[in-house]
Structure formats: C-alpha cells, structure tokens
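Here is how the chains run, residue by residue.
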Amino acid sequence: QVQLVESGGGLVQAGGSLRLSCAASGRTFSRYAMGWFRQAPGKDREFVAVISGGGGLTYYEDSVRGRFTISRDNAKSTVYLQMSSLAPEDTAVYYCAADLTSDTSRYPEMYDYWGQGTQVTVSS
C-alpha cells in the first residue's frame, strides 16, 4: 500500500511558476516510478511527466517539455513537478501516481496508486 499526498497547487498568472510536491509513504520509495498526470474539466486524464525510481530516467508530454521539470528526493520520499511559463491551458487538477511494476509508463492504467489531486489554475 502506498499513500500519496499532493500539495503546491494554486492560482497563478500566465507566465508564472508553481512547484507541486507529492509525499509518499508505505513502501520503499526508490523502488517505483512516479508520474504526474492532469485532468482539465471535460477532458480525459492526461500524462504530464514520469521519473524512474532512481531518478535517472524522465519523460515528458510534448506540450510541457522544456517548461516543466520532474524530480524526486528519495531520502524525503517526495516527487516534485516544477512548472514554469504556465499558460491557461495548463489549468487542471494535477495528480501524482505510483507505478510499482513498470519503469516509466505514460499510461494511467499502469499506475497502482494515486493521490487526491491538487488544483492548478492559470489566469490569462
């Protein structure tokens, strides 16, 4: 069992930055990949970024590459999503998720545990 708690969401103007955090507990954090997903109103949940257990592999959705950075601190059992140059289309509920089996999947069905989500709103 893994428990995930996100924080750091909020309201920001276009062009601004936010850093999301996701604290994990329940299993050895460094042994599983962590992903960030987001869901805007009326849309499906979409992949944002993923990082491998050791932190050596990262992948991003095309629209966020170069603006967002995923990282993790295994000593603190925490994964981060640094978001810069935010745009209104980044507005969504952001979820972190733990993948206990695959390495760096972009598919939500591969993830075993999910946080409750944190709202990010970008105003124009």
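Up top is the structure these notes are about.
A brief structural summary.

About the criteria used
Here the residue numbers are simple positions, counted from 1 along each chain's written sequence. This being a predicted model, a pLDDT of at least 70 is required before a residue's local features are given, and a value of 80 or more before pairs of side-chain atoms are given or counted; all residues contribute to the totals for chains, interfaces and linings. In computing side-chain properties, one takes all heavy atoms of the structure into account and sets aside hydrogens as well as water. Salt-bridge detection follows one rule: a side-chain nitrogen of Lys or Arg within 4 Å of a carboxyl oxygen of Asp or Glu. Segments assigned H or I by DSSP are reported as helices when at least four residues long, segments assigned E as strands when at least two residues long, and all are numbered from the N terminus. Relative accessibility decides the category of a residue: with a 1.4 Å probe and only protein chains considered, values under 20% of the type maximum give buried, values over 50% give exposed, and everything between is partly exposed. Pairing between strands is defined by DSSP: at least two bridges between them are needed. For our purposes a nonpolar core is just a set of buried Ala, Val, Leu, Ile, Met, Phe, Trp, Tyr and Cys residues, chained together by side-chain atoms within 4.5 Å. Throughout, a residue-residue contact means that at least one pair of heavy atoms, one from each residue, lies within 4.5 Å.

1. Section: the pattern of salt bridges
This structure, assessed with the given rule, holds 4 salt bridges. Notably, a salt bridge pairs R38 with E46, separated by 2.5 Å at the nearest N-O pair. One salt bridge connects D90 with R38, and the closest N-O pair in it is separated by 2.9 Å. Placement of the pair is D90 in the loop between β8 (78-83) and β9 (92-99) and R38 in strand β4 (residues 33-39), with a sequence separation of 52 residues.

2. Concerning the pairing of strand β1 (residues 3-7)
Looking along a regular strand, one sees side chains alternate from face to face of the sheet. In β1, alternate side chains face the same way, and those of L4 and E6 are buried while those of Q3, V5 and S7 on the opposite face are not. Pairing of β1 with strand β3 (residues 18-25) involves 5 bridges; the strand directions are antiparallel. The residue bridging Q3 from the neighbouring strand is S25, located in β3.

3. Digging into the nonpolar core
In globular proteins that are soluble, nonpolar side chains generally tend to be buried together. Counting residues in hydrophobic clusters, the biggest one holds 30 residues, and the most contacted among them are L4, M34, W36, L81, M83 and Y94. Put simply, the parts of the chain that give this core at least two residues each are β3, β4, β5 (46-51), β7 (68-73), β8, β9 and β11 (118-123). Those residues in contact with Y94, other than ones at most four positions away along the chain, are E6, L20, W36, F37, R38, V48, F68, L81, M83, G117, T118 and V120. One finds A33, F37, A97 and Y111 within the second-largest nonpolar core, a separate group that totals 6 residues.

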